[in-house]
Each structure stands twice: as structure tokens, then as C-alpha cells.
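Structural features, examined
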Amino acid sequence: MGNMFLWVALLMSQCFWGLSGAAAEQSSELERIEKCGTRCSQGLHCRTKPGAWFPPPCQDPAQGLNSSSVFANISISTVMSCEGRQKCSLHLQIKTAVHLTESIHGVSICTVTAGMMSNCQVFTFTKASRGRMSGRKVEVENNCFDISPSQHVQVTVKTVPSYCGVTWTSTYEAPGCINKDLRQHVPECITGKLSYDVKPERKELSVRVTDMLEDYDYFLRLCRNNFICKGTGAETKINKGDPVMSATLPYSRPLPCLCIEGWSLLTDAPRVQVCPFKDRLEELWFGMNFDLLEETLSWEPECQVSAVVALCQKREDGVCLDLPHASQKVSRERITFAKVDPHPQLCMKFTAGPQSWVKCPFADATFKAWEVVVTRQQGQEDVKMLSRITATFSVGQCVKSEGSTGCQITDTHTMHVEKNKPVDFKLEGEMCNSCLVVKRLDVKFAATVIHCLEQCQSSLPPSAAFSRRASLDWTWVVVPASVCLSGIIIITLLLNLLLTVYQRRKQNMNGGCISEKQIDPAFDCVVPVLPTKSALHGGVLVPDSPQCGNNEKANLISD
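Reading the values: rules and limits
- Residues numbered from 1 in each chain as written.
- Predicted model: local features only at pLDDT ≥ 70, side-chain atom pairs only at ≥ 80, totals over all residues.
- Heavy atoms only, no water.
- Disulfide = S-S within 2.5 Å.
- Helix = DSSP H or I, 4+ residues; strand = E, 2+ residues; numbered from the N terminus.
- Buried < 20%, exposed > 50% of the residue type's maximum accessible area, 1.4 Å probe, protein only.
- Pairing = 2+ DSSP bridges.

Our focus in this paragraph is the state of the cysteines. In total, this model carries twelve disulfides according to the counting rule given. Note that C347 is cross-linked by a disulfide to C360, the S-S spacing being 2.0 Å. Between C347 and C360 the sulfur-sulfur dihedral comes to about 90°; the bridge is accordingly right-handed. Here C360 lies in the loop between strand 25 (355-359) and strand 26 (370-377) and C347 lies in strand 24 (residues 346-352), a separation of 13 residues in the sequence.

Peptide bonds are mostly trans, and most non-glycine residues show a negative phi. Backbone torsion omega between V160 and P161 reads -5°, so that peptide bond is classified as cis. Following the sequence through the fold, P161 ends up in the loop between strand 9 (152-160) and strand 10 (167-173). Its identity as a non-glycine residue notwithstanding, K203 has a phi of 55°, on the positive side. Among the secondary structure elements, K203 is positioned in the loop between strand 11 (193-199) and strand 12 (204-210). Residue class for K203 comes out partly exposed when judged on its relative accessible area of 40%. A positive phi angle is found at N420, which is not glycine, with a value near 60°. Within the secondary structure, N420 is located in the loop between strand 29 (408-417) and strand 30 (423-424). Exposure remark for N420: the relative accessible area of 48% places this residue in the partly exposed category.

Within the open sheet, the five strands sit side by side as 1-4-5-8-2. Their pairing is mixed. In this open sheet, the two edge strands, each paired with only one partner strand, are strand 1 (31-32) and strand 2 (38-40). Of the strand pairs in this sheet, strand 5 (residues 88-99) and strand 8 (residues 137-147) are connected by nine bridges, and their pairing is antiparallel. If you follow K95 over to strand 8, its bridge partner there is E141.

Given below as C-alpha cells:
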């Protein structure tokens, strides 16, 4: 048990050392070497040879010989050798200190990477130098082990000859391309730098490339980054000799996973990505589909996103209340809600982190599965339920109290409605200030719809309200009758005027005697003189004038 704890402590210390060392290398400039090689302590002559494919078995160590007594201060690091500004390679540098004894003739260092065979180098000491340096601590350093960026390697140090149990082993991770020094000088890490300008009115991205790998063509494309970056269009090539390293890439939608990807025309070349719209999560909440036959509402994210999708009912004030048991977590797969009532108030709420968005797929739909139809005749409301599908509803009647927004349900019943067959609501009691609470029962997710009827004038007493309604009803009778009577009077006056004009014209045509007058001296009034046949012989007929009070017959006056 004690040995097990010792090994755990040793592994944790090695891991901590490896992580801290790697972190330092990730942010620092690497040591440069002109040429790889082996270096031993002064006075110790070393010879280097490759390790055997099948090394001999280990020997039993001499008394007191163990790993801690032999090895000390073993360090692993990464160095860089360069043939040009962008032609550098990485090497693993291993330094080890050994307490030299007569039984130790040299050191063996082996490295193993994933999927690769072991690479061993043997460093032996000459007999003469071994004898001079026996009992001292000597150092051996080698930096000829090739390594790639971010590569994991296991390093094993043994003595020569190999003694059982006298072994030092550790793991190491080479610095990755995140290191600025590597991004500028190691071909495997040189991706180029991308900068861009967004032109939303034209839906274009203007991309510029700098610090690319020299003497190589460069490629650009747009892709959707969902675990892997899947291209959305053709690749754009920038020739290595072009004076301006830029291109224009069109896009259709500013999705958060839409990225610009660039790479050099090199085998297994690293790629760089920048995502201009990574914060535009609101662009994801589209593409909801509703199957009318199956009554299923589904949505599939176009980008990988960690969100919660819920069904909710939108109120008049804009607040969307979640329906019970109607939420699902989404990452990449399609989500589906079965048996959904397609009502305009039923919406989907998307929550990602602290933000939420509400989308109502049925709000603008021309097709309404069902609706409450109200018609008014002679001041009365006729309320019916009309459904485009056969469905079952729960119908409740409630009354709003004065000054309150709540509605207390007084009666509830179930209503079955056939397709395209209106059904009358059987309302009981006073309809004043009352509402209908309607909800579909034959689905799993449905909105509870409140439809309020016309409200009464609460400021008037019942008798005044009745009198007002009665006066309004009489108004509809009196106003049209007055209009018709006025029209008749106007027409009559016009006809009388026309008749008078006609008579005067006719009399003028018959002699114009209508203008002559006689004044009755007894009554001081005007009496018209009518011409007769006797007038042709010098006589004038004077009729009775009822206006002057003369009741005598007409007299014939002759010359």
C-alpha cells in the first residue's frame, strides 16, 4: 500500500512538472541550435550508437544500486534548428545526470510516440575516462530526437548494461502551434493571419491574408464548424505571386458557426479559422417545421449550440409563459414536440446562457386550426366555435370582476367539434363582462385561450344602461326616417316650383292678361281680372274673392 501511494505521488509530481514546463514553453521563445548532437561532461569521452532492435535482458543490480542512487536532475525540453526564416524543425533535448560507478558503462535513452516504434540511442563511456570519473556525477546531453508540435512522447533512461529496476521514465508534450515562435518559423504551424471586413448589405466578406507560408499558394473558403468544418461553397485560390493577398467570399446567412478557413497548398498543412458571426446566436432560431397531419413541431440547429428549447404561451404583454413538461436540451440533434396545437399564441422559447429568444411559428400563419367566431345582431352577440380539424375542446365560462385582470371560471364543459361544422356555445347566465376559456384536449401541448365578450358600461346602473341601449335602438329607426322625410319635402318643393314656372309661361303665351289688377275699394284688396269670351266683346268677368270676403257671384261688367 505504501508503494502504491509513492507511485501516485511520483506520477502527480511528474505531471505537474510536465504541465508547468509545457506551459512555460508555450509562451516562450525556444532555444536555437545549429546542429544536433551529444555532449558529455568534461573529461568523459562518449560514443553514440543506435540501440539494438532486441536489447539483452536486464541484469541483477549490485547491492545499493537503484534509480535514485544512479539518476539525478533529468530534464526534457524542446529546441529548434533552422535553415531559413520559415524552415525550422523541433528536437527533443534530454539532459541527465548519472552517478558513475565501475558497474555503469554508459546510458541508454529511448523515446516512444503514439503509433511509432521505439527510438533508442546508446551513449557509452570509454574505459579510461570511466576509470578517471568513477564515483563522480557526470552529465549526458542529447538533442537529436525529432519531435512534432504538440506531440506526446514517453522517455525512458536506463544504464548500460541494463540493470533491473534501475530505470527512469517520464512523459512529455512538445509545445504546440499556439506558441508564437512556432507559428512564425515552423512550417507545420504557419497558417497565415486572416483579417476581414463584413459587408452586410451585399452579404460579402472581404478577407486579407498576411504572414502566410512563403513560396506556396493559399486557399480560402467558408465552412460551418460543427465538430468538423464543412464547406459551404467553392474554394478561392490566392496565387503565391499575387501582389494583393485578398479575396471576397459571399455568404447567405450570418450564422455563428460560419467561419473563414485558410491554409497553404501543403500536404497536411495546418488551417486557421476565424468566425465573424460567432456572437450572432439569434440567427439560429429559425427553420421550425410543423407537420399538419402528425401535429408535430420540430427544429434542428444549423450550428452546434448548448441551449434549452421550451414551448410557451405568449400573452398580450409579450411575456411567454412556459408550458408544463415542454422543455428539451439541444446540442446538435433535431428536437421534436409531438401532438402540438398550432395556435398563434403557442411559441418556442430558446435559452442559451443568460439570454432567451421567443419565436412564434404560427403567429403569421394563414391557416388557423380553430377559432372563436363572434357575430353581432341587434345588439346581441352570437358566439360559435369553428374548427378546420375534428377536435375536442375544454370550454369554460368566467366573469371578470371590476378593476381586476383575473377571470374566475364559473362553469366548464367539454365540446366536440367536427371539421368545418360550427358549433354554438351554450352560454348560461349574464354575458356582461364574461369571457370564454378554451383549450384543446386531444393534443399534448396546447395554449389556453381567453376570449372576452363585449363589456357592459359599468359606470351606469342597469336601468340607465337599458335606456341607453333602447335609445340607441330608436336612433337607428328615427335617423333613417328623418332623412327620407326631408327628401320627400325637398322633392315636393322642387315640383311646386316647376309647376308654378310652367303655369306662368303658359299664361304669357295666352295673352299676358294675368298682370292686370282691380282694387276692390270696399276691402282694399287685389282682385285678379280673368278674361272670358265676353271680354272679347268689351266685358270683364270679376270673380268672387274669398280673401276679401266677397260672397257674390261673378258680375258681368259691360261698357
